[in-house]
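Residue strings, one per chain:
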Amino acid sequence: MKTEYSGTARSGRIGFAAIVIMWITAAVSVPFSKILFEQFRFSAEEILIVRSLACILAAVAIGRAAAWRTRGIVVIAGLLIGASSIGFYRAIASWSVNPVIVILTLVPVVTMIVTRCRGKHISATAIASLAFLIAGTAWALEPWNKPVQIEGFLWALSCVVLGGIGFDLWGRAPKETTVSEKCFWLSFWTCVLAFVVMKMRGGHFHAGRMLEPQALRTLAVFVGTVTIYIFFSIVPVSRVGKMNTVTAVVLMQFGTPVVIVGAELFVGEKLLFHQWPGVITAIAGAIFLSIQTLRVNTNSEPSTK
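Below, the structure is looked at part by part. Starting from 1, residues in each chain are numbered consecutively following that chain's sequence as written. Reporting in this predicted model follows two pLDDT cut-offs: at least 70 for local features of residues, and 80 or more for side-chain atom pairs to be given and counted; totals over whole chains, interfaces and linings ignore these cut-offs and use all residues. Side-chain measures were taken over the full set of non-hydrogen atoms in the model, leaving aside hydrogen atoms and water.

Take the state of the cysteines next. By definition, disulfides here are pairs of cysteine sulfur atoms that lie within 2.5 Å. Considering all chains together, one arrives at zero disulfides under this definition. With no disulfide of its own, cysteine 159 has cysteine 55 as its nearest cysteine by sulfur position, at a separation of 16 Å. The buried category is assigned to cysteine 159, whose relative accessible area is 4%. The classification of residues rests on relative accessible area computed with a 1.4 Å probe and restricted to protein chains. Under 20% of the type maximum is buried, over 50% is exposed, and intermediate values are partly exposed.

With that settled, the discussion passes to the pattern of salt bridges. The term salt bridge refers to a pairing of a side-chain nitrogen on Lys or Arg with a carboxyl oxygen on Asp or Glu at a separation within 4 Å. Tallied over the entire structure, the rule returns nine salt bridges. The shortest N-O distance in the salt bridge between aspartate 168 and arginine 172 comes to 3.1 Å. Judged by its relative accessible area of 2%, aspartate 168 falls in the buried class. Residues joined by salt bridges that share partners form a network here, namely Arg69, Arg71, Glu176 and Glu181.

What follows covers the packing of helix H6 (residues 124-141) against helix H12 (residues 255-266). Their axes nearest at 10 Å, the elements H6 and H12 cross at an angle of 20 degrees. As judged from the angle between their axes, H6 and H12 are roughly parallel. The two elements H6 and H12 meet at a crossing, and its hand is left-handed. In contact with Leu133, Thr137, Ala140 and Leu141 of H6, H12 contributes Thr256, Pro257 and Ile260. Each residue gets one of three labels, nonpolar for Ala, Val, Leu, Ile, Met, Phe, Trp, Tyr, Cys and Pro, charged for Asp, Glu, Lys and Arg, and polar for the others, Gly among them. Split into classes, the residues belonging to the contact of H6 with H12 amount to five nonpolar, two polar and no charged. To get an axis, fit a line to the C-alpha atoms, keeping to the stretch in contact for a helix; angles then go from 0 to 180 degrees between the N-to-C directions. Helix and strand assignments come from DSSP, with helices taken as H or I runs of at least 4 residues and strands as E runs of at least 2, each series counted from the N terminus. Working definition: roughly parallel below 35 degrees, roughly antiparallel above 145 degrees, roughly perpendicular at 65 to 115 degrees, and oblique for all remaining angles. Working rule for handedness: look at the near helix, and if it is turned counterclockwise from the far one by less than a right angle, call the crossing left-handed; if clockwise, right-handed. The contact criterion used is simple: two residues touch if any of their non-hydrogen atoms lie within 4.5 Å.

Below, the discussion takes up the packing of helix H2 (residues 44-63) against helix H8 (residues 179-200). Closest axis-to-axis distance for the H2/H8 pair is 8 Å, and the angle between their directions is 155 degrees. Relative to H8, the element H2 is oriented roughly antiparallel. Read as a crossing pair, H2 and H8 show a hand that is left-handed. Residues of the contact of H2 with H8, tallied by class, amount to 16 nonpolar, five polar and three charged.

For Phe, Tyr and Trp, where Trp contributes only its six-membered ring, two rings pair if their centres lie within 6.5 Å, and the inter-plane angle classes them as stacked under 30 degrees, edge-to-face over 60, or tilted in between. Under the defined criterion, the tally for this structure stands at ten aromatic pairs. Ring geometry for tryptophan 68 versus phenylalanine 184: centroids 6.1 Å apart, planes at 50 degrees, classification tilted. Within this pair, whereas tryptophan 68 is found in the loop between H2 and helix H3 (72-94), its partner phenylalanine 184 is found in helix H8, the two being separated by 116 residues in sequence. Both rings, one in phenylalanine 188 and one in tryptophan 189, keep their centres 5.2 Å apart while their planes meet at 75 degrees; by these two values the pair is edge-to-face. Its relative accessible area of 30% is what places phenylalanine 188 among the partly exposed residues. On the accessibility criterion, tryptophan 189 (22% relative accessible area) is partly exposed.

Given the number of residues in a helix, its expected span is that number minus one, multiplied by 1.5 Å. Helix length check: helix H7 (residues 150-171), at 22 residues, gives a terminal C-alpha distance of 32 Å against a target of 32 Å (1.5 Å per residue), a fit within 8%. Taken as a whole, H7 has its buried residues at Gly152, Ala156, Cys159, Val160, Gly163, Gly164, Gly166, Phe167, Asp168, Leu169, Trp170 and Gly171. Residues of H7 that are buried sit in contact with H3, helix H4 (97-104), helix H5 (107-117), H8, helix H10 (213-234) and helix H11 (245-253). We call two N or O atoms a polar contact when they sit within 3.5 Å, provided that within protein one can donate a hydrogen and the other can accept it, with sequence-adjacent residues counted only if both atoms are side-chain atoms. Backbone nitrogen of glutamate 151 and a side-chain oxygen of the N-cap are separated by 3.0 Å at the start of H7; the cap is glutamine 149.

Remember, this is a structural readout, not a statement about activity or role.
Okay, structure coming up:
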């Protein structure tokens, strides 16, 4: 049975470091996106358009003309993950953060299914860690306390399916594909799709409202952290930080318990005492998989003797 290409020991360590940076920036960007939704009444599409334009500028600044190099698998993956982003923000806007975040932890399940269908091996460690993540997140956020909202559920489901397939395609892109290239096509399609959805829903882009001092400060923090988040989310499925795709996607989702802590710090969402064991359970799964990942990378380092 074939195993998924996992890069080198050095790229694995770089990829893991990128995921840790993702966790940190997610703890800021997701709570601040909620502030933009609830306090300043920005639409999901407005936030996505601003985020995408910032990422396009960053990709072009880093990659120059090579950023928009056209490779079929990269363009398609960017379209799928861009549509997944639409689903995530639409789900939050039309439903509630807690159940959406819990559903989002199922993204690695889709990647695992696609990987198995291609005859690739999936480590038992990744499966066990994902189980800890899903159980811990559900325990902490108690999504069953929120009534099911069909539109929000369907948006969240689309986010899971499209994101899982898109990340698998990113992992199979040519080795020479750059982070800037992937970021450009993801952001390009996200911007296009956000604009189309906004028009279909009869919405408008309110640039003037974004220039109000308090809104602008909040938006600046969100855009800055989410741009870093997006760039570093691509590193583990690119040559510079290549990891096993399933392992990378599972580890990325462990940003969820970090986001829960960030929500308590930045938007005042308090967890009750009986919910904290769920957060601890999810973090335990992250630590377990992180240790195993780093151990594999260390053991695969070529001997210098």
